[in-house]
Amino acid sequence: MTGNESRTDKYFGQALKRKEDPRFITGTGNYTDDIVLPGMLHAAMVRSPYPHAKIGGINKESVTGMPGVVAVLTGQDIADAGIGSIPVGWLLPELKTPAHPAIALTEANHVGDIVAVVVAENRALAEDAASMLEVDYEPLPSVAFAGAAIAEGAPVVHDDVPGNVAFNWEIGDATAVQEGFNAAYKTVKLKLTNQRLIPNAIEPRASLAQFTPASGEYLLYTTSQNPHIHRLILAAFVMNIPEHKLRVISPDVGGGFGSKIFQYQEEVIMLLAARLMGRPVKWTARRSEAFVSDMQGRDHETETEMAVDKDGKMLAFRVNTLANLGAYQTLFAPAVPTYLYGTLCNGVYKLPAVHVKVQGVMTNTVPVDAYRGAGRPEATYAIERTVDAMAHALGEDPAEFRRKNFIQPEDFPYQTPVALVYDSGNYEPALDMALGMMKYPELRAEQERMKGSNKILGVSVISYVEACGLAPSALVGQLGAQAGQWESSLVRVYPTGKVELFTGSHSHGQGHETAFPQIAADELQIPIEDIDLVHGDTGRMPYGWGTYGSRSAAVGGSALKVALQKITAKAKKIAAHLLEASEEDVEHENGVFRIKGAPDQSKTFFDVALMAHLAHSLPDGMEPGLEATAFYDPKNFVYPFGTHMAVVEIDTDTGKVDLRNYGCVDDCGPLINPLIVEGQVHGGIAQGAGQALWEEGAYDEEGNLLAASYMEYTMPRADDLPMYQIDHTVTPSPHNPLGVKGIGESGTIASSAAVANAVLDALWHECGIEHLDMPYTAEKVWKAIRDSRAGMGQAADD
Amino acid sequence: MYPANFDYQKAASVDAALQAMADNPDLKVIAGGHSLLPAMKLRLAQPPALLDIFNLEELKGIKEDGDFYVVGAMTTHADVLRSQLPLFPEVAGWVGDPMVRNRGTIGGSLAHADPSADYPAAALATGAEFVIRGMGGERTVGADEMFLGMFESAVQHGELLTHIRIPRGISASVYEKYRHPASHYAIVGVAMARHADGQIRAAYTGAAEKAARLPKLEERLNAGQDAGTGLVEGADMLGDRFASAEFRAHLVDVLSDRAAKRLG
């Protein structure tokens, strides 16, 4: 670990064990499905088995007589209640947005689309009845792949999105890029598929709604990464409930990876059902439901082209992407393959010209939205795969080719040709640390030795930059966001000196309950045990935008810092008053306020907190109490970066790829808690390696999900992964009060590209294979090696 | 994951279990439940009534009987793993994970005859015998007659597999497995055993609709030759999204070669 040594803080930078873990490890967490309300009913969804079907009759009577069945709701009930379409939260110019009803009314548009809901006295009865409800479906032609969906005569998913094209978007200067290609010494071109992924949070989604007729108040427990967003959408756009009459609580949440950002159909249904039944109603997804109803990730078909001059300096990069949006557009769906992808297609390189064109395409598949990294893993994959292909074409070492094209430290803040201004960076030290840590030259020598045997080695070196903490609000508003991107924090000091922190961001695995008090304990100079963090309840927190895009520390942590500074400023005034000194003569050190030069004259934080509440003696005109709220709107994104290296061994007899070593050097600015950072990096690498080697949300061409359970969908397991080597450089962000960047997604953003490039490095060195699409399953790799060796044998025979 | 409604009863003895099955043809026998319960939770199987034989002490444990080990059908994979049996402990180590192995049973797996299960290859390579009891009495079936097709074994409706007899004279054995990365079931498994008479028996699982011997391989190895290729030429192989029939046939060759080299 380097770079944190200069800080004198007591808690910031310490690898404290996570405060929240004992309750998770001992099974005493409180998740939505754990919550039981008196009189609670249970709902089960009836989901379309067809990718695309007209809904004929629904025979409610086929189940309403069954014991314990309370009601059956259909799309007609949603329409009759005046409930609106679930809105899109990011509007692009000329975006075509089909309606997204909570229950399909006339047409089901993907396997898993909700066509009816059964409410019953218990879960088993609800499931029984749901399996028996008679629904007349009239199957319609359907399409699953983006390329097929834009072909002439393709089945149309929604009549109001002709040709299935929801948007055409571009960024960068196409003319400048063409000039780069015209002047090129060498060019390369790749066709890449970034496959569909299924999020698989360990806790399936769940919702529990309650309605109190006397007050007209609703309470919704739900698995949300951002309860205020849910409340805003549900109240203002869907349910027409006064916003203050809806309280949304997301209690313990077992992972999200983006999939719990979005407004889902089931939450709307639970609120309506609770009102209609007059009793609380709960739904918890079965794992097999999660496969067909959690918003999915990635799914790009992309062509990239790069041009370099005779010195191997990059001249231009061109990207053309078809983004599969699935059957509906959910909250951030239009932003993910555009502003979170195209703008990142510059990577870490001094590229004079970049142009990115994206077409968003509707298909009869589960909708696609943000999934850990959201656009940036796709961008990193596109650029880093192309950079390797170019290094091969030039006969240059991939590490050195990258190095000579890096943006240099003196170039920051750096304006890219695709809109972003990188705040700070220093890319070479991370590259050098990684190369040293992994003993790169020795790996290359080993690769040479293994050549031609039935075990071949692949090594990759990729450098990435990503953008997190979307901001400032005015900018994202101009780009189409229907949300602000600031964050809030409330610090409440009690008379006994105990402190509660409230944040609008949300922890569903990120360790906020440990990291946020670490920031506060240093600022207030009190023991961390006296501080707790409250999050995930619109009834308790000030307004905030939740957690996604690695924003919590950079935006939420900064809001906390500002609120804490307000507390210490007021506390100092009170202390000075109590010490009968002028404020300038009082210093806050070692946990006490004392008069400079008279160290025995001091007041503790407790003394100050007590007097703030007793108010027996306060400075003239000062309000009692010790509480402060801050709303922090960042000046810019933050830009973490780093270098990742993967080493794979391929069994050429079976095609099996083993990830043998993985090393990375990330720079997320100062580390608040290195243990939490490491955990985020570990999980992120596993998730990205999962995409490269195993995971594939495979559909057939009509839209039937072929990998709809863990018998088919391969999640990475502990014994599939090596011990990682992890290190850091520390380049603070210049524009937020903590200097922190973000680390929640870096591992995933970098590791798919790193593992993919390692596999292709092996295949390139062994038999000249330039590209294969992820995931690198055994048969695919075996066939590629066999076919290329056969081709080479053929060539030799000729 | 909610199964359809079902009745449930525990068998008090093998005799009582056979009587219960005779009385109620709808009864479905459940052992460790690791194949049946997932199917029930997905409602792919909806048996109206279950007969639980997992706790029958008379079906648990491993004894020696002359030239054979006699393994109770309800012996768990975990107990097989820790036993002195030939070949089966290595194979049991490839079954599921510790939770599955603590609950799943050798008899349940063999009677179920999942084409992707590991044990059938071991039973064929060791020349195991199957003791099957019905209301009419007991019969013994050889390994080569046990696996009839996909999810189809020689155990008939109304019968119970009570014991598996495994020869004691096996001097060396190996199991090579290429597992499905998601399910960890066998894409291909190749089991091999050298018997008391010095002859090698070999069998494969996972690749076709039932586990089967590898006669070409046995012939070559017993003639002192290498495993070679084309071992399942002409056989009907399974194929799916992860592994085509062609790839499975290739893996039979690769794993047979590796097994033969390990067997020495």
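Conventions adopted
Residues numbered from 1 in each chain as written. Chains lettered and ligands numbered in written order. Predicted model: local features only at pLDDT ≥ 70, side-chain atom pairs only at ≥ 80, totals over all residues. Helix = DSSP H or I, 4+ residues; strand = E, 2+ residues; numbered from the N terminus. Rg over C-alpha atoms; globule rule 2.2 N^0.38 Å. Buried ≥ 20, exposed ≤ 12 C-beta atoms within 10 Å, placed from the backbone. Contact = placed C-beta atoms within 7 Å. Domains from an automatic or database assignment. Nonpolar A, V, L, I, M, F, W, Y, C, P; charged D, E, K, R; others polar. Core = buried A, V, L, I, M, F, W, Y, C linked by C-beta atoms within 7 Å. Axes fitted to C-alpha atoms, helices over the stretch in contact; angles between N-to-C directions. Parallel < 35°, antiparallel > 145°, perpendicular 65-115°, else oblique. Left-handed = near helix turned anticlockwise from the far one by under 90°. Pairing = 2+ DSSP bridges. Arc of directions from axis to C-beta. Expected span 1.5 Å × (residues − 1). Right-handed = clockwise from strand over helix to strand, strands pointing away. pLDDT = per-residue confidence, 0-100.

**Regarding the overall build of chain B**
So, step 1. Tallying secondary structure elements over chain B gives 10 helices and 14 strands in all.
So, step 2. A compact globule built from 264 residues would reach a C-alpha radius of gyration of about 18 Å, and chain B, at 18 Å, matches this within 12%.
So, step 3. Counting only C-alpha atoms, chain B reaches 55 × 45 × 30 Å along its principal axes.
So, step 4. Taking all 264 residues of chain B together, the buried fraction comes to 47%.
So, step 5. Across chain B, every contact between residues at least 6 apart in sequence was considered, and the portion connecting residues at least 24 apart equals 61%.

**Notes on the overall build of chain A**
So, step 1. Counting its secondary structure elements, chain A contains 20 helices and 28 strands.
So, step 2. Expressed along its principal axes, the backbone C-alpha trace of chain A runs to roughly 100 × 75 × 50 Å.
So, step 3. Put simply, chain A has 798 residues, and 56% of those count as buried.

**Some thoughts on the domain arrangement of chain A**
Note: interface size is frequently given as the accessible area lost on complex formation between the parts.
All names here are of chain A.
So, step 1. Each assigned domain of chain A is listed with its residue range as follows: domain 1 (32–140 + 204–253 + 260–293), domain 2 (297–469 + 637–797) and domain 3 (486–632).
So, step 2. At the interface, 22 residues of domain 1 touch 22 residues of domain 2.
So, step 3. Residue composition of the side of domain 1 that touches domain 2, grouped by class: 11 nonpolar, 10 polar and 1 charged.

**Thoughts on the interface of chain B and chain A**
So, step 1. Taken residue by residue, the interface counts 17 residues in chain B and 21 residues in chain A.
So, step 2. At 3 residues, the largest contribution of residues to the side of chain B that touches chain A is made by helix α10 (residues 245–263) of chain B.
So, step 3. Here the side of chain B that touches chain A is built from residues that sort into 12 nonpolar, 3 polar and 2 charged.

**A look at unusual backbone geometry**
Residue and element names in this part refer to chain A.
So, step 1. A cis amide bond links A471 to the next residue, P472, at an omega of -15°.
So, step 2. With respect to the element layout, P472 can be found in the loop between β18 (455–465) and α14 (473–478).
So, step 3. Each neighbour pair has its own omega, and for M774 with P775 the value is -10°, a cis peptide bond.
So, step 4. The phi dihedral of Q525 falls on the positive side, at around 55°, and the residue is not glycine.
So, step 5. Here Q525 lies in the loop between α15 (512–524) and β21 (531–534).

**A short note on the nonpolar core**
So, step 1. Ranked by size, the top nonpolar core spans 333 residues in total, and within it A43, V117, V118, M270 and V755 of chain A together with A191 of chain B carry the most contacts.
So, step 2. With 12 residues, helix α16 (residues 552–578) of chain A is the largest single contributor of residues to this core.
So, step 3. What V118 of chain A contacts, discounting residues up to four positions off in sequence, is A43, A44, V46, V63, V69, V72, A126, A129, A130 and L133 of chain A.

**A short note on the packing of helix α11 (residues 398–405) of chain A against helix α12 (residues 427–437) of chain A**
Residues and elements named next belong to chain A.
So, step 1. In the contact formed by α11 and α12, the axes pass within 10 Å of each other and the chain directions differ by 165°. Accordingly, the angle class assigned to the pair α11 and α12 is roughly antiparallel. Where α11 crosses over α12, the two elements pack in a sense that is left-handed. On α12, the residues touching A399, R402 and R403 of α11 are E428, L431 and L435.
So, step 2. By residue class, the composition of the contact of α11 with α12 is 3 nonpolar, no polar and 3 charged.

**A closer look at the sheet that holds strand β26 (residues 641–651) of chain A**
Residues and elements named next belong to chain A.
So, step 1. Reading across the sheet, the 4 strands line up as β18-β26-β27-β28 and stay open at both edges, with mixed pairing between neighbours. Each end of this open sheet is capped by a strand with a single partner; those strands are β18 and β28 (724–728). Each strand axis lies, on average, 10° off the axis of its neighbour in the sheet, ignoring direction.
So, step 2. Across 10 bridges, β26 lies against strand β27 (residues 657–667) in antiparallel orientation. When the bridges of β27 are listed, V647 appears paired with N661.
So, step 3. Its contacts with the sheet place helix α13 (residues 440–450) against β18 and β26, and it is angled at close to 150° to β18.

**Thoughts on the packing of α16 of chain A against helix α17 (residues 605–614) of chain A**
Residues and elements named next belong to chain A.
So, step 1. Between α16 and α17, the least distance of the axes is 9 Å, while the angle of their chain directions is 90°. If you check the angle between α16 and α17, you find them roughly perpendicular. Across the interface between the two elements, A571, I574, A575 and L578 from α16 touch F605, D607, V608, M611 and A612 from α17.
So, step 2. Residues of the contact of α16 with α17, tallied by class, amount to 8 nonpolar, no polar and 1 charged.

**Some thoughts on α12 of chain A**
Residue and element names in this part refer to chain A.
So, step 1. Among all positions of α12, only Y427, A430, L431, A434 and L435 are buried. Buried residues along α12 cover an arc of 130° about the axis, so they all sit on one side.
So, step 2. Among the structural elements, α11, α13, β18, β26 and β27 are those in contact with the buried residues of α12.
So, step 3. Downstream of α12 by one or two residues, K439 has phi in the positive range, about 55°.

**Comments concerning the domain arrangement of chain B**
All names here are of chain B.
So, step 1. Structurally, chain B comprises domain 1 (7–52), domain 2 (58–167) and domain 3 (172–263).
So, step 2. Contacts between domain 2 and domain 3 engage 24 residues on the former and 24 residues on the latter.
So, step 3. Within the residue set of the side of domain 2 that touches domain 3, elements represented by two or more residues are α4 (88–92), α7 (119–126) and β8 (147–149).
So, step 4. Ranked by residue count, the leading element in the side of domain 2 that touches domain 3 is α7, at 6 residues.

**A closer look at the pairing of strand β2 (residues 53–59) of chain A**
All names here are of chain A.
So, step 1. As paired strands, β2 and strand β4 (residues 107–108) are joined by 2 bridges and run antiparallel to one another. The partner of A53 across the bridge, within β4, is A108.
So, step 2. Where β2 meets strand β6 (residues 134–139), 5 bridges bridge the pair, whose relative direction is antiparallel. If you follow A53 over to β6, its bridge partner there is P139.

**Focus on the sheet that holds strand β13 (residues 297–308) of chain A**
All names here are of chain A.
So, step 1. Spatially, the 5 strands line up as an open sheet ordered β7-β15-β14-β13-β8, and their pairing is mixed. Strands at the two margins of the open sheet, each flanked by one partner only, are β7 (165–172) and β8 (186–197). In this sheet, adjacent strand axes meet at a mean angle of 10° when their direction is disregarded.
So, step 2. One ladder, built from 9 bridges, connects β13 with strand β14 (residues 314–326); its direction is antiparallel. By the bridge assignment, E301 is partnered in β14 with L322.
So, step 3. Sheet strands touched by helix α6 (residues 174–182): β7, β8, β13, β14 and β15 (353–362). Its angle to β15, the strand with the most contacts, is close to 120°.

**Focus on the environment of N182 of chain A**
So, step 1. Position of N182 of chain A among the secondary structure elements: in helix α6.
So, step 2. For N182 of chain A, a count of 10 C-beta atoms within 10 Å gives the class exposed.

**Quick notes on α15 of chain A**
All names here are of chain A.
So, step 1. In this model, α15 (13 residues) spans 18 Å end to end at C-alpha, consistent with the 18 Å of a helix rising 1.5 Å per residue.
So, step 2. Where burial is concerned, most of α15 is hidden: 11 out of the 13 residues are buried.
So, step 3. Here the buried face of α15 lies against β20 (499–503), β21, α16, α17 and α18 (674–693).

**Some words on the pairing of strand β10 (residues 217–222) of chain A**
All names here are of chain A.
So, step 1. Across 6 bridges, the pairing between strand β9 (residues 206–212) and β10 is antiparallel. Bridging across to β10, L208 finds its partner in Y221.
So, step 2. Hairpin connection between β9 and β10: a loop of 4 residues separates the two successive antiparallel strands, and G216 in this loop has a positive phi of roughly 75°.
So, step 3. Inspection of the sheet shows β10 paired to strand β11 (residues 246–249) by 4 bridges, in the parallel sense. Residue pairing across strands places L219 opposite R247, the latter belonging to β11.
So, step 4. You can see the chain leave β10, run along helix α7 (residues 227–239) and come back into β11, and the turn it takes is right-handed.

**A word on the confidence of the model for chain B**
Do not read the predicted coordinates in detail wherever pLDDT is low.
So, step 1. Per-residue confidence for chain B gives a mean pLDDT of 97; residues scoring 70 or more make up 100%.
So, step 2. Here the prediction assigns the complex a pTM of 0.96, and the interface score ipTM is 0.95.

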